[in-house]
Amino acid sequence: MMDNNPEECSVCFNNYDDTLLRPRTLPCGHTFCSQCIDNAIKNGQLNCPSCRAQHTATAATQFPINYGMEAFIRKLKGMEVVPVTMVPTKPNKAPTRGISKKLRSLVEEQKSSISSLITSCEEVLSQLGEYRGQLGDWKTQHLQLQDRLYALVEQNKSAMKLLELEDTSVVDMTTQGEEGKTQLQAMLGSLDTVNTAQEVFMTINEVDQCNMEVEDWLQKCQELFPDVKTVHTSVKVQETIREALEMTTTETGATADPVHLGDSDSSIMTKVKEITGEIPQKEITVEDLRRMREPVKSLVEAGRVVAVKRLVEAGRVVAVKRLVEAGRVVAVQEDQDGRRSARITLQDGQLYLHPLLRQSTPAHAHTIQESDVVGVLDPSCTLAFLDLGWAGSTRGRVTIRLTPDTPLARQFVLLCTGQRGHTFRNTKLLWVEYKGRPGEWVVGGDYESNDGEGGAPLLPDLQGQYRGSGQAGAVWSWWPLGGPKSAHFVIATRDRQDGRQWSCVFGHVVSGLDVVRAAVNHSNIQEVTVVDCGVVLPL
């Protein structure tokens, strides 16, 4: 049956609009307003009111806007219907005989030009309608995100309330503890002044009572603190908000420079897709990354853009830098087991390559072959890094300059980048030797079992020319080269004072030694984790 009123929803018979009653098309091809679709969804299922086809859905926004229908409705609204009785009748005129064929041809040419412009207007109007629909969707998404932000603020308020309650409890227990301590000090003074047996017995009874109260207080402190829920909630909420804020500051486009949109003949929605990254872009190259260090990079403000076709040279450098800052440039490696990817980040003017992991790549990510990136590493200036953390947060970055052309240094790079499938990431520091004394050092690097029993070498021959050192910051191998644990590394945190040196030194800490020392002073060294690792790209 033909629909004589296509501008109406066939369920509620209301005219479609651009707010609550926007036309949306179901997978079966039928179109209804957003409100009727929402009302028809029950328990995650939607039965089409026309053909009864079943669709999985939780909200009308899952179905696409029928932009063609909206454009058609706008066209209908723009047409003025003139009653037949009002149309003036004109007598038919015979063609004017006085117009030459040349002029008639010119008239036809003008008519053709006008018709072409009318068609172009209709096309652009249709594009504007589609674009407006997209803007409406984005406004809806912003409102949804706003609701989620409000929920995040409420979570933060709840976490603060828990902290306030915990703080109040700590204050109360502190007051009780101070009172108990004062009583014990008084009892100690009383025992020094007793002169008779009766005074002794009375004072001892008072001391026993005071001791029981203080021991009970000590037991309560052990049982009450810390409150697991309070600490866990506070840490998790802080991490969530911090991540959200970092994403906001790195991905907002509010201060972004204007972007060249390439071909002016492209449709409005094509350009929108270029800006949002929905159109596949050319892979990032090593040269793109290298040129980021040229003077043009100083012109870049923090923001989020995408590289689009036909960028001018400076514009492409700007775009690539912003892609890196937004976390949308990744190095990839394909092998028989599938695809792995590694983040490339920018910090303080340095590019960092993180380890290859089996993980989903960011939406609209731009890729570069990991072999191309690693190929630029110069053994004479290789810098590796370890991010150490404990108690639920990263405490700092340790940067190590590796000794050139040594097998242990090459093995360390392999385990920082994950090129062979194994990485130091999420491994624990294992133990500390000579803690608090000269020659103090800490061991890590068991990528296999993470308990000190694994750590097999990745290279067949680790023998080479190694130097010795007795200084803090030296990175060396404690186990025999080629042994079952020779992937372990040792970082010295205090100078030796016996005149001797550690052998098999293959690197030295150039920054972050204070982070290692703080880790060594942590109550349990095995709670210290290599949260992340990688190498500095010498581009």
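Residue numbers run consecutively from 1 along every chain, following the written order of its sequence. pLDDT decides what is reported in this predicted model: residues at 70 or higher carry local features, side-chain atom pairs at 80 or more are listed and counted, and totals for whole chains, interfaces and linings draw on all residues regardless. Each side-chain value is worked out from all heavy atoms of the structure, with water and hydrogens disregarded.

1. Points about the pattern of salt bridges
And then number 1: Any Lys or Arg side-chain nitrogen located within 4 Å of an Asp or Glu carboxyl oxygen qualifies as a salt bridge. Tallying each qualifying case throughout the model produces 16 salt bridges.
And then number 2: Salt-bridge contacts for Arg132 lead to Asp18; the nearest nitrogen and oxygen are separated by 2.7 Å. Remark: Asp18 occurs in the segment before β1 (23-25) and Arg132 occurs in helix α3 (residues 101-191); sequence separation between them is 114 residues.
And then number 3: Given the relative accessible area of 40%, Asp18 is considered partly exposed.
And then number 4: Linking Asp387 and Arg397 is a salt bridge whose minimum nitrogen-to-oxygen distance equals 2.7 Å. On the criterion of sequence distance, the pair formed by Asp387 in strand β9 (residues 383-390) and Arg397 in strand β10 (residues 393-402) is long-range, its members being 10 residues apart.
And then number 5: A relative accessible area of 8% means that Asp387 is categorised as buried.
And then number 6: Through salt bridges with shared partners, a single network forms among Arg22, Arg24, Glu70 and Asp137. Only DSSP runs of H or I reaching four residues or more are called helices, and only runs of E reaching two or more are called strands; each is numbered from the N terminus. Relative accessibility decides the category of a residue: with a 1.4 Å probe and only protein chains considered, values under 20% of the type maximum give buried, values over 50% give exposed, and everything between is partly exposed.

2. Re α3
And then number 1: A helix is expected to span 1.5 Å multiplied by its residue count minus one. When the terminal C-alpha atoms of α3 are compared, their 132 Å separation across 91 residues agrees well with the 135 Å that a helix rising 1.5 Å per residue should span.
And then number 2: Where α3 is concerned, the buried positions are Gly129, Gly133, Gln134, Gly136, Asp137, Leu152, Ala159, Glu166, Met173, Gly177, Gly180 and Met187.

3. Focus on the packing of aromatic side chains
And then number 1: In summary, the pairing rule links any two rings of Phe, Tyr or Trp, Trp by its six-membered ring, whose centres are within 6.5 Å, and it sorts them by plane angle into stacked for under 30 degrees, edge-to-face for over 60 and tilted for everything else. Applying the stated criterion across every chain yields a total of 10 aromatic pairs.
And then number 2: Residues Phe424 and Phe489 carry aromatic rings whose centres are separated by 5.2 Å and whose planes lie at 75° to one another, so their mutual orientation is edge-to-face. Here Phe424, found in the loop between α10 (407-417) and β11 (429-433), pairs with Phe489, found in strand β15 (residues 489-492); they are 65 residues apart in sequence, far enough to count as distant. For the pair shown, Phe424 and Phe489 are each scored as buried.
And then number 3: Between Trp431 and Trp478 the ring centres are 5.7 Å apart and the planes differ by 75°, which places this aromatic pair in the edge-to-face class. Placement of the pair is Trp431 in strand β11 and Trp478 in the loop between β14 (474-476) and β15, with a sequence separation of 47 residues.
And then number 4: Owing to a relative accessible area of 23%, Trp431 belongs among the partly exposed residues under this scheme.
And then number 5: Each residue in the set Trp431, Trp441, Trp476, Trp478, Trp479 and Trp502 is aromatic and connected to the rest through ring pairs, giving one cluster.
And then number 6: Consider the ring centre and the ring normal. A charge sits over the ring if Lys NZ or Arg CZ is within 6 Å of that centre and within 35 degrees of that normal. Positioned over the ring face of Tyr352 is Arg397, at 4.6 Å from the centre of the ring.
And then number 7: Note that Arg397 overlies the ring of Phe385, its terminal NZ or CZ placed 4.1 Å from the centroid.

4. Examining the packing of α3 against helix α4 (residues 197-224)
And then number 1: As a packed pair, α3 and α4 sit with axes 10 Å apart at the nearest point and diverge in direction by 155°. Classified by the angle their axes make, α3 and α4 are roughly antiparallel. Considering how the two elements wind past one another, α3 and α4 form a crossing that is left-handed. Contact residues: Glu166, Met173, Gln176, Gly177, Gly180, Gln183, Leu184, Met187, Ser190 and Leu191 in α3; Thr203, Glu206, Val207, Cys210, Asn211, Glu213, Val214, Trp217, Lys220, Cys221 and Leu224 in α4.
And then number 2: Residue classes follow a fixed rule: Ala, Val, Leu, Ile, Met, Phe, Trp, Tyr, Cys and Pro count as nonpolar, while Asp, Glu, Lys and Arg count as charged, and any other residue, Gly among them, counts as polar. The residue makeup of the contact of α3 with α4, split by class, is 10 nonpolar, seven polar and four charged. Simply put, an axis is a line fit to the C-alpha atoms, just over the touching stretch for a helix, and the angle between two N-to-C directions goes from 0 to 180 degrees. Angle categories: roughly parallel below 35 degrees, roughly antiparallel above 145, roughly perpendicular from 65 to 115, and oblique for all the rest. Left-handed describes a crossing whose near helix is turned anticlockwise from the far helix by less than a right angle; the clockwise case is right-handed. Two residues form a contact once any of their heavy atoms are found within 4.5 Å.

5. Re the pairing of strand β7 (residues 350-353)
And then number 1: DSSP-based pairing: two strands are paired if at least 2 bridges between them are found. Note that strand β6 (residues 338-347) and β7 share four bridges and pair antiparallel. The partner of Ile344 across the bridge, within β7, is Leu353.
And then number 2: Taking the residues between adjacent antiparallel strands as the criterion, β6 and β7 are bridged by two residues, where Asp348 takes a positive phi near 55°.
And then number 3: With three bridges connecting them, β7 and strand β17 (residues 529-537) associate as antiparallel partners. Bridge pairing in β17 links Leu351 to Leu537.

6. Focus on unusual backbone geometry
And then number 1: The step from Phe225 to Pro226 runs through a cis peptide bond, and the omega angle for that step is -10°.
And then number 2: Topologically, Pro226 is positioned in the loop between α4 and α5 (228-251).
And then number 3: Its identity as a non-glycine residue notwithstanding, Asn43 has a phi of 55°, on the positive side.
And then number 4: If you trace the backbone, Asn43 turns up in the loop between α1 (34-40) and β3 (45-47).
And then number 5: One non-glycine residue, Cys504, lies in positive phi territory at about 55°.
And then number 6: Residue Cys504 is classed as buried on the basis of its relative accessible area, which comes to 18%.

7. Observations concerning the confidence of the model for the chain
And then number 1: Confidence along the chain averages 82 in pLDDT terms, with 83% of residues attaining 70 or more.
And then number 2: Per-residue confidence from the prediction method is given by pLDDT, with values spanning 0 to 100. Put simply, helix α6 (residues 268-276) is where the chain has its lowest mean pLDDT, 67, and β15 is where it has its highest, 98.
And then number 3: For the stretch residues 80-94, pLDDT sits under 50, and the model shows one contact to residues farther than four places along the chain or on other chains.

8. Some details on the pairing of β6
And then number 1: The sheet contact formed by strand β5 (residues 329-335) and β6 spans six bridges and is antiparallel. By the bridge assignment, Glu334 is partnered in β6 with Arg339.
And then number 2: In textbook terms, the turn of a hairpin is the stretch between consecutive antiparallel strands, and for β5 and β6 this stretch comprises two residues.

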